[in-house]
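# Topology and contacts: notes
Here's the letter readout for the chains.
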Amino acid sequence: MSLQMVTVGHNIALIQPGFSLMNFDGQVFFFGQKGWPKRSCPTGVFHFDIKQNHLKLKPAIFSKDSCYLPPLRYPATCSYKGSIDSDKHQYIIHGGKTPNNELSDKIYIMSVACKNNKKVTFRCTEKDLVGDVPEPRYGHSIDVVYSRGKSMGVLFGGRSYMPSTQRTTEKWNSVADCLPHVFLVDFEFGCATSYILPELQDGLSFHVSIARNDTIYILGGHSLASNIRPANLYRIRVDLPLGTPAVNCTVLPGGISVSSAILTQTNNDEFVIVGGYQLENQKRMVCSLVSLGDNMIEISEMETPDWTSDIKHSKIWFGSNMGNGTVFLGIPGDNKQAMSEAFYFYTLRCSEEDLSEEQKIVSNSQTSTEDPGDSTPFEDSEEFCFSAEATSFDGDDEFDTYNEDDEDDESVTGYWITCCPTCDVDINTWVPFYSTELNKPAMIYCSHGDGHWVHAQCMDLEERTLIHLSEGSNKYYCNEHVQIARALQTPKRNPALQKPPMKSLHKKGSGKVLTPAKKSFLRRLFD
């Protein structure tokens, strides 16, 4: 095992605990910065380019038909193919925290729209779920199993905010373990089904999950209710016949006590577990080798890496899997020095195969850590985990380097929301229009058809109307579709007008009778 320090350019502030890495065609992309994206890269997705131990983050772009993808931290992600032999490569993103510290319950599917001139254009779509929809959460896992020529997503664990009836001002951000239910998610039809397995008693978070064919292994994890990290090892098997899926769970011996660990794949049937915590205030400094076979799993300790003194003495660490047996690690900087960096980064190479320096990118993994900005050290409530699949990195592609201080560089990216034909909101020159806007234009969701996002400014909405709509659950229709929506509504029945009695045609108290001409005029008026 070899450990190398990595230098990062001026955009080092983008890399905070809670990010994810995704690999498309050998190129790694960074997702999940802390805070809303800057105007220089409104997508919040960057090419993760490491050359000669120097990291550059270069902005990626999305197609115009993509949905809005907020920068989610601590989500569950996994690589997805329609079948085990399919060449179509996508990523599933579920849950996570938004920059407003809210939890997401949405599922996003990211794929490559096109690749021209060595630049990747992504397409992101939001998948609506029906059935037993999982509650918003983070610190969970999502994997894909393949059985009988079909595929299915498996979601488990995580933490969520306490029910709204139990939340108070003092404990508004208090979290609790999710119920130990296993969710099967059909990504094609958007159906979710919940399963209760008697072997799973605790809602574990920040565990390690490994998927192989129709089987998922769950290792370790942390239970917030009991504040322990039991040496768990579960095997969940999913059978997908023509009828109802069959899900069963088996408790296996030989588990490990760990949370927030990073998993990297060294070959088809071998994985390495790096980092994590074995106690609340003690990092797990040993590495474990996981070998998989048909209906078999073996876990053994490996040689300990030559950790630096900074890594040994740091209280927290975080990172993710880069694939081909390589792990990306980060530790807090030395706050005692005035010019200290916020974080220091390393790459740990676990595979001894003869690979070039450019062949180090993503495999099926789960990573977790703490967020020092939202919690105290050693608190597992901010651990995160995610999954991905291993492919080789063969790119020497050139991208425009991201520079958050260079306003002239904003033209290389664009805002991918398709609003309306008359939309004139340009993210590169956008300035706040409403007092409630911070780092992006205010948008509202039109419920017509499959739904789409529109800018509140383009819809000529008053700010008080915008705030009112954001607080309620009523459907909204944009200017283009409001007439269609009205046509679908049943017209209200207007009450018949009451005709005044004839005696009212006489002026009271005057003693005078109206002339026939005035009577005729008043009759026509009231009729």
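Residues numbered from 1 in each chain as written. Predicted model: local features only at pLDDT ≥ 70, side-chain atom pairs only at ≥ 80, totals over all residues. Heavy atoms only, no water.

Under an unreviewed UniProt entry, the name given to the protein chain is V(D)J recombination-activating protein 2, and the source organism is Mus caroli. On record in UniProt, under Sequence similarities (unreviewed entry), the comment for the protein chain is "Belongs to the RAG2 family." (UniProt positions renumbered as here; feature names shortened; annotations may be inferred.)

Our next topic: the sheet that holds strand β18 (residues 208-212). Strand order in the open sheet made by the four strands is β18-β19-β20-β21, with antiparallel pairing throughout. Strands with a single pairing partner mark the edges of an open sheet, and in this sheet they are β18 and β21 (246-251). Strand-to-strand twist of the sheet, defined as the mean angle between neighbouring strand axes without regard to direction, takes the value 20 degrees. The pairing of strand β19 (residues 215-219) with strand β20 (residues 233-239) spans five bridges and is antiparallel. Bridge assignment links Y217 to a residue of β20, and that residue is R235. (Pairing = 2+ DSSP bridges. Helix = DSSP H or I, 4+ residues; strand = E, 2+ residues; numbered from the N terminus. Axes fitted to C-alpha atoms, helices over the stretch in contact; angles between N-to-C directions.)

Looking now at the UniProt feature "binding site: Zn(2+) 2" (unreviewed entry) in the protein chain. Per the UniProt record, "binding site: Zn(2+) 2" (unreviewed entry) is found at C446, H452, C478 and H481. These annotated residues cover 36 residues of sequence, and their C-alpha atoms lie no more than 10.9 Å from one another, placing them together at a single site. Its location among the elements puts H452 in strand β32 (residues 452-455). Within the fold, H481 resides in the loop between α2 (463-471) and α3 (482-488). Take H481: its relative accessible area is 17%, and that puts it in the buried class. (Buried < 20%, exposed > 50% of the residue type's maximum accessible area, 1.4 Å probe, protein only.)

The subject of this paragraph is the pairing of strand β17 (residues 191-196). Relative to β17, strand β11 (residues 130-131) is paired through two bridges, and the arrangement is parallel. Bridge pairing in β17 places V130 opposite C191. The pairing of strand β16 (residues 181-186) with β17 spans six bridges and is classified as antiparallel. Looking across to β17, one finds that L184 is bridged to T193. Count of turn residues in the β16/β17 antiparallel hairpin: four residues, of which G190 carries a positive phi of about 75 degrees.

Let's shift gears to the nonpolar core. I15, F30, F48, L55, L57, F328 and F345 are the most contacted members of the largest nonpolar core, which has 20 residues in total. Looking at this core element by element, the count peaks at three residues for strand β4 (residues 45-51). One finds M152, V154, F156 and L197 within the second-largest nonpolar core, a separate group that totals 18 residues. (Core = buried A, V, L, I, M, F, W, Y, C linked by side-chain atoms within 4.5 Å.)

Below, the discussion takes up the state of the cysteines. For the coordinates displayed, the defined rule picks out zero disulfides. Unpaired in terms of disulfides, C423 finds its nearest cysteine sulfur in C458, a separation of 3.8 Å. (Disulfide = S-S within 2.5 Å.)

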